[in-house]
Amino acid sequence: MPQKHLILASNSPRRRELLQQAGFPFTVIPSKINEVITKAEPEEIVQELSGQKAEDVFGSLEEEEKEKSLVLGADTVVVCEILYCTGEQEKVNTGLQILGKPKDQKVAFYMLKKLQGKSHFVYTGVTLVWQEKGKIEKESFAVGTKVVFYPMTDEEIRTYIETKEPMDKAGSYGIQGKGALYIKEIQGDYNNVVGLPLGELYQRLKGISII
């Protein structure tokens, strides 16, 4: 287990469940920062956003707590190479499209409509921030997982949206919930799609001698 007190800089119930599953004792202090994206590549974006969250929470700690704490920030996005509809206007882009959480049911419908029957990638960025002998340390990494959807009818998409499950999830689906009915296969870390690559996180913690 971490030698420092682990703080999760996220309100995500899925990330909490994964840390509990791994047996990590931790507390939750959600970041309140307004996220700003300056990067272009998916791996860089999720590391940038996870870093903003972790640094925000670490900076809010009392000085005596900083030496004892390890703050974990995370961010997940869905990435595809398809037409994406914002719900207001359609934008055609032959490059990568990054899908976050849908702002309403109409956006959720179009996200799922474009994902169905195709493959996409899920990237989760993780940033660890801690302090050693008065010096702030930081490590970030990103993990990608390929996900393939079965074809979905419009009725299946609407029925799924009615469950409300898609509304707080990147790409408008939850692989650990009812969304699992429409997943054909994955290549990579399942937990990464849920929201936190536990295996890679553990290896990184070992690498920086935190556990």
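No experiment lies behind these values; they were computed from the predicted model shown.

Participant: How would you sum up the pattern of salt bridges? Please name residues and give values.
Facilitator: Enumeration according to the criterion identifies 10 salt bridges in this entry. Among the salt bridges present, the one from Lys53 reaches Glu35, with a minimum N-O distance of 3.6 Å. A residue pair is termed long-range when its members are at least 10 positions apart, and Lys53 in helix 2 (residues 42-60) and Glu35 in the loop between strand 2 (26-28) and helix 2 qualify at 18 residues. Lys53 gets classed as buried once you look at its relative accessible area, which sits at 10%. We note a salt bridge from Lys113 to Asp154, for which the minimum N-O separation is 2.6 Å. Here Lys113 is found in helix 4 (residues 105-115), whereas its partner Asp154 is found in helix 5 (residues 154-162), with 41 residues between them in sequence. Under the relative-accessibility criterion, Asp154 is labelled partly exposed at 27%. Taken together, the shared-partner salt bridges connect Arg14, Asp168 and Lys169 into one network.

Participant: Go over the packing of aromatic side chains, please, and point to the residues and values.
Facilitator: All told, the structure shown has 4 aromatic pairs when counted by the stated rule. Considering the side-chain rings of Phe109 and Tyr110, the 5.7 Å spacing of their centres and the 90° angle between planes classify their relative orientation as edge-to-face. Residue class for Tyr110 comes out partly exposed when judged on its relative accessible area of 24%. Centroid distance Phe121 to Tyr123: 6.3 Å. Interplanar angle 25°. Geometry classified as stacked. Under the relative-accessibility criterion, Tyr123 is labelled buried at 15%.

Participant: Residue-level account of the confidence of the model for the chain, with values.
Facilitator: The share of residues in the chain with pLDDT of 70 or more is 92%, and the mean pLDDT across the chain is 91. Mean pLDDT across the secondary structure elements of the chain bottoms out at strand 4 (residues 84-85), with 40, and peaks at helix 5, with 98. Contacts from residues 82-94, a stretch scored under 50 in pLDDT, to residues over four places away or in other chains number 26 contacts.

Participant: With reference to specific residues and values, describe helix 7 (residues 198-207).
Facilitator: Those residues of helix 7 not exposed but buried are Leu198, Leu201 and Leu205. One face of helix 7 carries all of its buried residues, which in axial projection span an arc of 60°. Looking at the buried positions of helix 7, the neighbouring elements they touch are helix 1 (13-22), strand 3 (69-80), strand 7 (119-132), strand 8 (135-149) and helix 6 (190-194).

Reading the values: rules and limits
- Residues numbered from 1 in each chain as written.
- Predicted model: local features only at pLDDT ≥ 70, side-chain atom pairs only at ≥ 80, totals over all residues.
- Heavy atoms only, no water.
- Salt bridge = Lys/Arg side-chain N within 4 Å of Asp/Glu carboxyl O.
- Helix = DSSP H or I, 4+ residues; strand = E, 2+ residues; numbered from the N terminus.
- Buried < 20%, exposed > 50% of the residue type's maximum accessible area, 1.4 Å probe, protein only.
- Phe/Tyr/Trp six-rings, centres within 6.5 Å; stacked < 30°, edge-to-face > 60°.
- pLDDT = per-residue confidence, 0-100.
- Contact = heavy atoms within 4.5 Å.
- Arc of directions from axis to C-beta.

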